[in-house]
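As a plain string of letters, each chain reads:
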Amino acid sequence: MSAPARSFPLALDALADWRADAACREIDVEVFFAIDEAAQREAIAVCETCPVRQECLEHAVANREQYGVWGGLREQDRKRLVRARRRDAA
Ligand code: SF4
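Residues numbered from 1 in each chain as written. Predicted model: local features only at pLDDT ≥ 70, side-chain atom pairs only at ≥ 80, totals over all residues. Heavy atoms only, no water.

Asks: Quick question: what am I supposed to make of the overall build of the chain here?
Replies: A count of helices and strands for the chain gives 3 helices and 0 strands. Listing each helix as α and each strand as β along the chain from the N terminus yields α-α-α. Looking at the chain residue by residue over its 90 residues, the buried ones come to 37%. Put simply, 35% of the contacts in the chain that link residues at least 6 apart link residues at least 24 apart. (Helix = DSSP H or I, 4+ residues; strand = E, 2+ residues; numbered from the N terminus. Buried < 20%, exposed > 50% of the residue type's maximum accessible area, 1.4 Å probe, protein only. Contact = heavy atoms within 4.5 Å.)

Asks: Is there a simple way to think about the layout of surface pockets in this case?
Replies: Gaps left between atoms are located by rolling a probe of water-molecule size over the structure's atoms. One number sums up the size of the largest pocket: a volume of about 260 Å³. Contributing to the lining of the largest pocket are Ala60, Val61, Arg64, Glu65, Gln66, Glu75, Arg78, Lys79, Val82, Arg83 and Arg86. Of all the secondary-structure elements, those providing two or more residues to the lining of the largest pocket are α2 (53-62) and α3 (75-89). Residue classes in the lining of the largest pocket are distributed as 3 nonpolar, 1 polar and 7 charged. (1 Å grid on protein atoms, 1.4 Å probe; cavity = no way out; pocket = protein on both sides within 12 Å on 5 of 7 lines; lining within 4 Å. Points joined across faces, edges and corners; volume = space filled by probe spheres on them. Nonpolar A, V, L, I, M, F, W, Y, C, P; charged D, E, K, R; others polar.)

Asks: Would you explain the side chain of glutamine 40 in this entry?
Replies: Relative to the assigned elements, glutamine 40 resides in helix α1 (residues 37-47). In terms of polar contacts, glutamine 40 uses its side chain to reach the backbone carbonyl oxygen of isoleucine 35, at 3.4 Å. (Polar contact = N/O pair within 3.5 Å; in protein donor to acceptor, adjacent residues only side chain to side chain.)

Structure below.
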């Protein structure tokens, strides 16, 4: 089986070498940006096995990624996390 043309996480860069260990690196990116709940659950299940889940989540939060599943959280889950962190910091 060959890797899909576009896999997730999207680009490799020197500042994000955690991506080399991503559980999703050979999975079609569409799975992580799907709108339907079943596909989102599929993405989250991959994230739950991922050794760099925390790094991925912090990357998404720091870069205000608006779409997709990152670090096992959907966009609405990340917004809740950010609000909770702000409340805790206040
Ligand atoms: S946590 Fe999920 S989206 Fe992030 S790198 Fe791992 S498998 Fe990919």
